Amino acid sequence: MVVMGVAAQKQLHLEKHVLEGFGSKSMELKWVSRRISKSSQLEKTMKPLSPLFPIYISTDPRHVDPHRLRDLFADCNYSTQKIPTRAEPEPVDIHKLRIALSHSAVVVSVFCNLRHVNDVVPYHGNSSSSLIEDFLTPVSPSRDQLVGFGRAISDCGLTASIYDVMVIPSLQRMGIGKMIVKKITRVLTNRDIYDISALCSENERLFFKACGFGNDSLASTTMMYRRSDPSVTQEGE
Amino acid sequence: MLTLNLSAISSSFSVVPYANYPLSIQTQLLFRSNLNYSFATTATRKFKSFQLKAGFWESIKSGLMKNNSMQVIDPPLDEEDEEPLPQEFVLVEKTEPDGTIEQIIFSSGGDIDVYDLQALCDKVGWPRRPLSKLAAALKNSYIVASLHSIRKSPGSEGNEQKRLIGMARATSDHAFNATIWDVLVDPSYQGQGLGKALIEKLIRALLQRDIGNITLFADSQVVEFYRNLGFEADPEGIKGMFWYPNH
């Protein structure tokens, strides 16, 4: 009964063409389309205008269900441990995830209707009717699938760090990740925090560069604490 | 939102995790309309103890039955000690030739005066930052470790002189990641192992909470200092990037 109340409230927000920032918990509707990638393993047709479909981007941490988030971590093959100790990342601890979510200053989640997630070949003749369907289908974080996520930890004064930005593989390379990062930075700058950092691995570096991140202007070195593991020999540099 | 496999008993408490209200307030709202205040408080007390008992038996039951589908909802967060217990102890004690005793006190309680901190930052030569932001940052940091020096003159007055001589703070999501910022020690107290002690205590407190990823951004002249404390530069190719709006 509480859940239904929240969903109805969110619908109202959407009809009002939501405001963002300033701490208002809101959901925003965005349209994305699949781009034609040059080297794609999936059979994408060569139609230049791929149909748009809607995704919902939310800054409300209450929309995130820890269990679905854990599944998202698994789908994206993402681990909460930055320095991998094992070949396969272990499943995320739900209790810890809940704690982490409740103490993250910014939590951004992206939802999408299930049929678009698995949609490989874009519709042709049915494009107009599916668009209308998309317009009429109400927002529902409980019904739609969690497809993207990002969060930031901050001291709400000077600094912030972005962690765990991920989008499920079938919807990658469509600008969703960039949207998530942009949303996070926008919320942070609205709170007057401009010192935003992001820890990224080798393959994420290009992504963050495209989002407007760069190496530290003060040339600081990123260092992480390495728990002394007697079985592993300590490397020099 | 909440997991669907809650048993009937614990579902009555299911509103708690996301509502984030202490349970006593919730039950008062429930009872306020028809009962007078004294009755409501006894009702809340009974309700609260009942809820705790339910949680206890739930956890025993779920352990015995090895049925992991039963979700045990922990009592609200004011029962858990989420924040690390603040420590305060004497790190070093020195007696000077004229009899004054100087103690260096380590504290992780975060009780720092912003003006003292500003003065200390000036001493080490850091750029000035707005005081309100500093205060907010201190308040919202997970752990703020500080070193104060207390000098007691041998006279019977016992006037103590307390000065802030070092600080380190860490922000965290309380579960997975932590970043250490703003490590500084008064130049006249440097070279005594105080910075090392600060960081070591900080790391120990974080590891006790099972926070696996501890990061920091080190200036070139202190990279070696942190390396000796167990930090590794750019491990596995992980680097920190910073946001520049007009790239």
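The structure contained in this document is the topic of the report that follows. Remember, predicted model here, so these are calculated numbers, not experimental data.

1. Things to note about the overall build of chain B
Here comes step 1: In terms of regular secondary structure, chain B is built from 8 helices and 8 strands.
Here comes step 2: Taken across its 247 residues, chain B has 42% of its residues classed as buried.
Here comes step 3: Sequence-distant contacts, at least 24 apart, represent 58% of the contacts inside chain B between residues at least 6 apart.
Here comes step 4: Counting every atom, chain B has about 13600 Å² of accessible surface; 53% of that belongs to carbon and sulfur.

2. Concerning the interface of chain A and chain B
Frequently, the measure chosen for interface size is the accessible area that the parts lose on association.
Here comes step 1: On the side of chain B, 57 residues touch chain A, which itself brings 63 residues to the contact.
Here comes step 2: Of the roughly 6000 Å² buried between chain A and chain B, counting both surfaces, carbon and sulfur atoms make up 57%.
Here comes step 3: Among the residues chain A hides against chain B, the three largest losses belong to Leu158(A), Met223(A) and Tyr225(A). Together they make up 14% of the total.
Here comes step 4: Between the two partners, chain A and chain B, sit 6 salt bridges.
Here comes step 5: Two residues, Asp155(A) and Arg169(B), come together in a salt bridge whose shortest N-O distance is 2.7 Å.
Here comes step 6: On the surface where chain A and chain B come into contact, there are 24 residue pairs in polar contact (both at pLDDT 80 or more).

3. Considering helix α6 (residues 131–139) of chain B
Residues and elements named next belong to chain B.
Here comes step 1: Among all positions of α6, only Lys133, Leu134, Ala137 and Leu138 are buried. Take α6 and look down its axis: the buried residues cluster within an arc of 135 degrees, on one side only. Opposite the buried face of α6, at more than 90 degrees from it, the exposed residues are Ser132 and Lys139.
Here comes step 2: Lining the buried residues of α6 we find α5 (114–124), β3 (143–152) and β4 (160–172).

About the thresholds
Residues numbered from 1 in each chain as written. Chains lettered and ligands numbered in written order. Predicted model: local features only at pLDDT ≥ 70, side-chain atom pairs only at ≥ 80, totals over all residues. Heavy atoms only, no water. Helix = DSSP H or I, 4+ residues; strand = E, 2+ residues; numbered from the N terminus. Buried < 20%, exposed > 50% of the residue type's maximum accessible area, 1.4 Å probe, protein only. Contact = heavy atoms within 4.5 Å. Areas by Shrake-Rupley, 256 points an atom, 1.4 Å probe, with all protein chains shown as cover. Buried area = accessible area lost by both parts, 1.4 Å probe. Salt bridge = Lys/Arg side-chain N within 4 Å of Asp/Glu carboxyl O. Polar contact = N/O pair within 3.5 Å; in protein donor to acceptor, adjacent residues only side chain to side chain. Arc of directions from axis to C-beta.

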